[in-house]
Amino acid sequence: MRRTVLILPGLISLPGTDSFMGDRREAMADLARMGDLSKVSPAPASETPETMILGMSPDSVRLRQGPLTVSALGFDPPERSTHFHLSPMSYVDGNILQPDVEWDAEEMRRLMVLAKRLDTKLLTILGGSGFDHALVWEALGDLGTTSPTDVNGKSYRDHLPQGDGETVLKRLIDDSVNLLGELDINKRRVEDGLPPLNVLWPWGQGVRTPVPNLAIRRGEPASVESVSLRLAGLTRLAGYRHVDRAKVGQLLKTQLRSIADRCLSRQLSIIYLDVATDLRTNGMAEELDWFIREVDRELVRPLLSDLPRSSARLTLIAASMEQVNADGPIPASAIGLAAATETGMSGESFYPFDERSTLERSIPTRDLWDLVQAGIEA
């Protein structure tokens, strides 16, 4: 049986606010009518929430940003090593700034080729793409670093790494300023009054810990699609294959029909698209309405229409990835919905796939990872 699990956070609005769902989303309405409807419980706090997307409990794996980035880039460093995410940033007047524009891919490639000169016996720079690169320190220790978001606009000296290995990391950062400042493009940017991309900032350090091999445990491979670097890294460690993130597309350019076509050609697919969440966060109501309509027409409808012709199961999980603490109140924005159907099912549910159903007590509530597991079972 072919199985497809779609995880699309951000579809469901807060009760009492404008809905972008309802019967006008015909494919989703048909899916809810034909199959089983569930509410999705809020995501618990987790260091690696991506585990839930792969159908694992949130406490089954604990990996920080660095190890996930190194894995996503396809590298397997020595076991006793510490992995960092490495972000090119701007050093201006004693402060660190996050880049506010995309860089040309070829210019970034030249910058990272130059950066390899900073490799030492213990430090190795691993080139990635865009602003996502990695650093491996072939040693272990207790370190403190600051993320790009937290250091943005703040003092360089006040946020340098602290702890074991701080000397070699501070030297890397200082040397990167001296080296990258010599790039022609950085010289031109300074002349034009623009911030250069002239410092490499390591953060998110951690070690690679064991991850269950899901392909072996579940007895078959799976393909995962998303634009998440973190999910790509975890997917690789779990023995699944993550599709090239560039094939998925970004925001309103997400290639929904191509994703559907790939799902129709595979036995097991897990798709995670958080576009709707991004659009909500940025207050883009018209774009959100358009995107959900396209999801209904270009992604859900082709997969649903194929069920009578094939042996297949389709699971749609409109779950929030907003994490909540067990001891605190549960915000309404953390409640989601899920619907699942398969070839031969002829349910006649009268509950809609929209916000009204999140208030219906008779609809069972299930955890995200449990719904994913159920969706991928053969």
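Check the entry above for the structure.
Below is a short write-up of the structure. Fair warning: this is a prediction, and the values are worked out from it, not measured in the lab. (Residues numbered from 1 in each chain as written. Predicted model: local features only at pLDDT ≥ 70, side-chain atom pairs only at ≥ 80, totals over all residues. Heavy atoms only, no water.)

Some details on the nonpolar core
Thought 1: Leu6, Leu11, Met28, Leu273, Val295, Leu299 and Phe353 are the most contacted members of the largest nonpolar core, which totals 39 residues.
Thought 2: When contributions to this core are tallied by element, the ones reaching two or more residues are α1 (26–34), α10 (256–264), α11 (275–281), α12 (285–305), β15 (312–318) and β17 (336–342).
Thought 3: Among the elements that line this core, the one with the most residues is α12, at eight residues.
Thought 4: Ignoring any residue separated from it by four or fewer positions in sequence, one finds Val295 in contact with Leu8, Met28, Leu256 and Val300.
Thought 5: Grouped together as the second largest cluster of nonpolar side chains are 32 residues, Met52, Met56, Trp369 and Leu371 included. (Core = buried A, V, L, I, M, F, W, Y, C linked by side-chain atoms within 4.5 Å. Buried < 20%, exposed > 50% of the residue type's maximum accessible area, 1.4 Å probe, protein only. Helix = DSSP H or I, 4+ residues; strand = E, 2+ residues; numbered from the N terminus. Contact = heavy atoms within 4.5 Å.)

Topic: the packing of aromatic side chains
Thought 1: For the coordinates displayed, the defined rule picks out two aromatic pairs.
Thought 2: Relative to Tyr156, the ring of Tyr91 has its centre 4.7 Å away and its plane inclined at 45°; by these criteria the two rings are tilted. Within this pair, whereas Tyr91 is found in strand β4 (residues 82–92), its partner Tyr156 is found in the loop between β9 (154–155) and β10 (162–163), the two being separated by 65 residues in sequence.
Thought 3: Residue classification places Tyr156 among the buried positions, given a relative accessible area of 3%.
Thought 4: Aromatic pair Phe350 and Tyr351: ring centres 4.5 Å apart, planes at 45°, arrangement tilted. (Phe/Tyr/Trp six-rings, centres within 6.5 Å; stacked < 30°, edge-to-face > 60°.)

Observations concerning the pattern of salt bridges
Thought 1: All told, the structure shown has 27 salt bridges when counted by the stated rule.
Thought 2: The structure contains a network of salt bridges with shared partners spanning Arg257, Asp261, Glu294, Arg297 and Glu298. (Salt bridge = Lys/Arg side-chain N within 4 Å of Asp/Glu carboxyl O.)

What to know about a nonpolar patch on the surface
Thought 1: Nonpolar side chains collect at one region of the surface, where Leu251, Leu252 and Trp290 lie side by side and expose about 240 Å² of accessible area between them.
Thought 2: With respect to the helices and strands, Trp290 occurs in helix α12. (Patch = residues over 30% accessible without salt bridge, like charges linked within 9 Å, V, L, I, M, F, W, Y side chains within 5 Å. Areas by Shrake-Rupley, 256 points an atom, 1.4 Å probe, with all protein chains shown as cover.)

Topic: the environment of Thr146
Thought 1: Tracing the chain through its elements places Thr146 in the loop between β8 (143–144) and α5 (148–151).
Thought 2: Residue Thr146 is classed as buried on the basis of its relative accessible area, which comes to 16%.
Thought 3: Placed 205 residues apart in sequence, Thr146 and Tyr351 show a C-alpha to C-alpha distance of 47 Å.
Thought 4: The residues contacting Thr146, other than those within four sequence positions of it, are Val151, His159, Trp201 and Trp203.

A look at the sheet that holds β15
Thought 1: With respect to topology, eight strands assemble into an open sheet ordered β13-β12-β14-β1-β15-β17-β2-β18, the strand pairing being mixed. This sheet does not close on itself; its edge strands, each paired only once, are β13 (241–242) and β18 (365–366).
Thought 2: Here strand β2 (residues 36–40) pairs with β18 via two bridges, running parallel. When the bridges of β18 are listed, Val40 appears paired with Arg366.
Thought 3: α12 contacts β1 (2–7), β15 and β17 of the sheet and is inclined by roughly 160° relative to β1. (Pairing = 2+ DSSP bridges. Axes fitted to C-alpha atoms, helices over the stretch in contact; angles between N-to-C directions.)

As for the environment of Arg241
Thought 1: Mapped onto the fold, Arg241 is located in strand β13.
Thought 2: For the pair formed by Arg241 and Ala215, sequence separation is 26 residues and the distance between their alpha carbons is 9.5 Å.
Thought 3: Discounting residues that sit within four places of it in the chain, Arg241 has contacts with Ala222, Ser223, Val224 and Thr235.

Quick word on the side chain of Thr48
Thought 1: Within the secondary structure layout, Thr48 lies in the loop between β3 (43–44) and α2 (50–53).
Thought 2: Contacts of Thr48, omitting those with residues within four sequence positions, involve Pro58, Val61, Arg62, Leu63, Leu68, Arg230 and Leu234.

Notes on the side chain of Arg230
Thought 1: Secondary-structure assignment places Arg230 in helix α9 (residues 229–237).
Thought 2: When its relative accessible area of 18% is taken as the criterion, Arg230 is described as buried.
Thought 3: A polar contact is formed between the side chain of Arg230 and the side chain of Glu50, at a distance of 2.7 Å. (Polar contact = N/O pair within 3.5 Å; in protein donor to acceptor, adjacent residues only side chain to side chain.)

Quick word on the packing of helix α3 (residues 65–72) against α9
Thought 1: At a closest axis distance of 7 Å, the pairing of α3 and α9 adopts a crossing angle of 70°. As summarised for this structure, α3 and α9 are arranged roughly perpendicular, according to the angle between their axes. Side by side, α3 and α9 meet where Gln65, Leu68, Thr69, Ser71 and Ala72 of the first sit next to Leu229, Arg230, Ala232, Gly233, Leu234, Arg236 and Leu237 of the second.
Thought 2: A class-by-class count of the residues in the contact of α3 with α9 yields six nonpolar, four polar and two charged. (Parallel < 35°, antiparallel > 145°, perpendicular 65-115°, else oblique. Nonpolar A, V, L, I, M, F, W, Y, C, P; charged D, E, K, R; others polar.)

Examining the environment of Gln205
Thought 1: Mapped onto the fold, Gln205 is located in strand β11 (residues 199–206).
Thought 2: When residues no more than four places from it in sequence are discounted, the contact partners of Gln205 are Arg64, Thr82, His83, Phe84, Leu143, Gly144 and Thr145.
Thought 3: Side-chain polar atoms of Gln205 contact the side chain of Thr145, separated by 2.4 Å.

A word on helix α7 (residues 184–191)
Thought 1: Of all the residues in α7, the buried ones are Ile185, Asn186 and Arg189. Looking straight down α7, one finds its buried side chains confined to an arc of 100°; they lie on one side. Of the exposed residues in α7, those oriented more than 90 degrees away from the buried face are Asp184, Val190 and Glu191.
Thought 2: For α7, the elements touching its buried residues are α4 (105–115) and α6 (166–180).
Thought 3: Taken from the residues just after α7, Gly193 is the one with a positive phi, measuring 75°. (Arc of directions from axis to C-beta.)

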